[in-house]
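# Examination of the molecular architecture
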Amino acid sequence: MQTLLLKKEEVRKLMSMKEVIGTVEEAYMAFSSKRVMQPGYIGMHLPPPRGEIDFKLGYYMNNEVISMKASSELTP
């Protein structure tokens, strides 16, 4: 499986700002009403110059969406 990378212009063609705002509002309401399971993030500090990598997970019970965000940062 390959990661799909999109430019800002491509994302703008796929969704409007109105849709984005509505989705963010829905996410905050779901989280505050306990319809989202979200464990603490998993972080790993790696030997220099690798830095660190973090994983954040979530599960939205209403529509059974599972999400994961991975981010990394190099040690300066």
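Residues numbered from 1 in each chain as written. Predicted model: local features only at pLDDT ≥ 70, side-chain atom pairs only at ≥ 80, totals over all residues. Heavy atoms only, no water.

## Digging into the packing of aromatic side chains
Summed over all chains, the structure comprises 0 aromatic pairs. Sitting over the face of the ring of Tyr41, Lys56 holds its NZ or CZ atom 6.0 Å from the ring centroid. (Phe/Tyr/Trp six-rings, centres within 6.5 Å; stacked < 30°, edge-to-face > 60°. Lys NZ or Arg CZ within 6 Å of the ring centre and 35° of its normal.)

## Comments concerning helix H2 (residues 17–32)
Taking 1.5 Å per residue as the helical rise, H2 with its 16 residues ought to reach 22 Å, and the 23 Å between its terminal C-alpha atoms agrees with that figure. Just past H2, the residue Lys34 takes up positive phi, approximately 65°. (Helix = DSSP H or I, 4+ residues; strand = E, 2+ residues; numbered from the N terminus. Expected span 1.5 Å × (residues − 1).)

## Observations concerning a nonpolar patch on the surface
On the surface, Leu4, Leu6, Val11, Leu14 and Met15 cluster together into a nonpolar patch covering about 490 Å² of accessible area. Looking at the element boundaries, Leu4 is found in the segment before helix H1 (8–14). (Patch = residues over 30% accessible without salt bridge, like charges linked within 9 Å, V, L, I, M, F, W, Y side chains within 5 Å. Areas by Shrake-Rupley, 256 points an atom, 1.4 Å probe, with all protein chains shown as cover. Salt bridge = Lys/Arg side-chain N within 4 Å of Asp/Glu carboxyl O.)

## Notes on unusual backbone geometry
In this model, Pro48 is joined to Pro49 through a cis peptide bond whose omega is 5°. The phi dihedral of Lys34 is positive, around 65°, even though this residue is not glycine. Secondary-structure assignment places Lys34 in the loop between H2 and strand S1 (36–37). By relative accessible area, Lys34 is classed as exposed at 67%. The phi dihedral of Glu64 falls on the positive side, at around 55°, and the residue is not glycine. Here Glu64 shows up in the loop between strand S3 (51–60) and strand S4 (65–73). (Buried < 20%, exposed > 50% of the residue type's maximum accessible area, 1.4 Å probe, protein only.)

## Structural notes on the side chain of Asp54
Inspection of the secondary structure puts Asp54 in strand S3. When residues no more than four places from it in sequence are discounted, the contact partners of Asp54 are Tyr41, Ile42, Gly43, Met44, Lys69, Ala70 and Ser71. (Contact = heavy atoms within 4.5 Å.)

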